Amino acid sequence: MTGTGRTTVAMAAGAGMLLLSVRVLRSRLALIRVTGSSMTPAFADGDRLLVRRTTRVRRGDAVVFRNPVPFGDGDDALTWLVKRVSALPGDAVPPDVREIVGAPDGGLVPPGSLIVRGDAARTQDSRHFGYVPQASLLGVVLTRPTPFGRS
């Protein structure tokens, strides 16, 4: 094989590895844009968030999940929500969520369910729509990437 042939093979292999790497990263990570102010001050309207695709979460994690009560049409529909996990399966159901989920005093969050809250004072969260199924999670927010050229 000539030098040019080896270079072509090496470039093709490199391009293949790059495409494979991108595919693997996209299967594990997602980039979403925040719409609204329910997570202020942590995240503002228009922020972009890097999300690790997983259903394994901890209390206090900011998570992205399928909206249990979608509203809006077309591009205005909010398919995904960003909120903070406030209770995990086995934790006590907070008093302000008990009525909406029908839990008695001392009731526990059932397996496969989460209670979520927004960081802002006014927000639609588990106090309004109840438990969030862990299966509806897209993942956990890792970071808010800074665009190149900004500090």
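Residues numbered from 1 in each chain as written. Predicted model: local features only at pLDDT ≥ 70, side-chain atom pairs only at ≥ 80, totals over all residues. Heavy atoms only, no water.

An unreviewed UniProt entry lists the chain under the name Mitochondrial inner membrane protease subunit 2, with Streptomyces mirabilis as the source organism. Comment text from UniProt for the chain, heading Subcellular location (unreviewed entry), reads "Cell membrane". (UniProt positions renumbered as here; feature names shortened; annotations may be inferred.)

Remarks on the sheet that holds strand β6 (residues 132-133)
Paired through backbone hydrogen bonds, the strands of a sheet run either parallel or antiparallel to each other. The 7 strands are arranged β1-β2-β7-β3-β4-β5-β6 in an open sheet whose pairing can be described as antiparallel. The open sheet has two edge strands, β1 (29-33) and β6, and neither has a second partner. For strand β4 (residues 80-87) and strand β5 (residues 113-117), the ladder comprises 3 bridges, and the chain directions are antiparallel. Residue pairing across strands places Val85 opposite Val116, the latter belonging to β5. (Pairing = 2+ DSSP bridges. Helix = DSSP H or I, 4+ residues; strand = E, 2+ residues; numbered from the N terminus.)

A few points about the pairing of strand β3 (residues 62-66)
Most of β3 is tucked away: 4 of the 5 residues are buried. Sheet topology note: the β3/β4 ladder contains 5 bridges and is antiparallel. By the bridge assignment, Arg66 is partnered in β4 with Trp80. Sheet analysis places β3 next to strand β7 (residues 137-143), joined by 3 bridges and oriented antiparallel. Across the sheet, Phe65 pairs through a bridge with Leu137, a residue of β7. (Buried < 20%, exposed > 50% of the residue type's maximum accessible area, 1.4 Å probe, protein only.)

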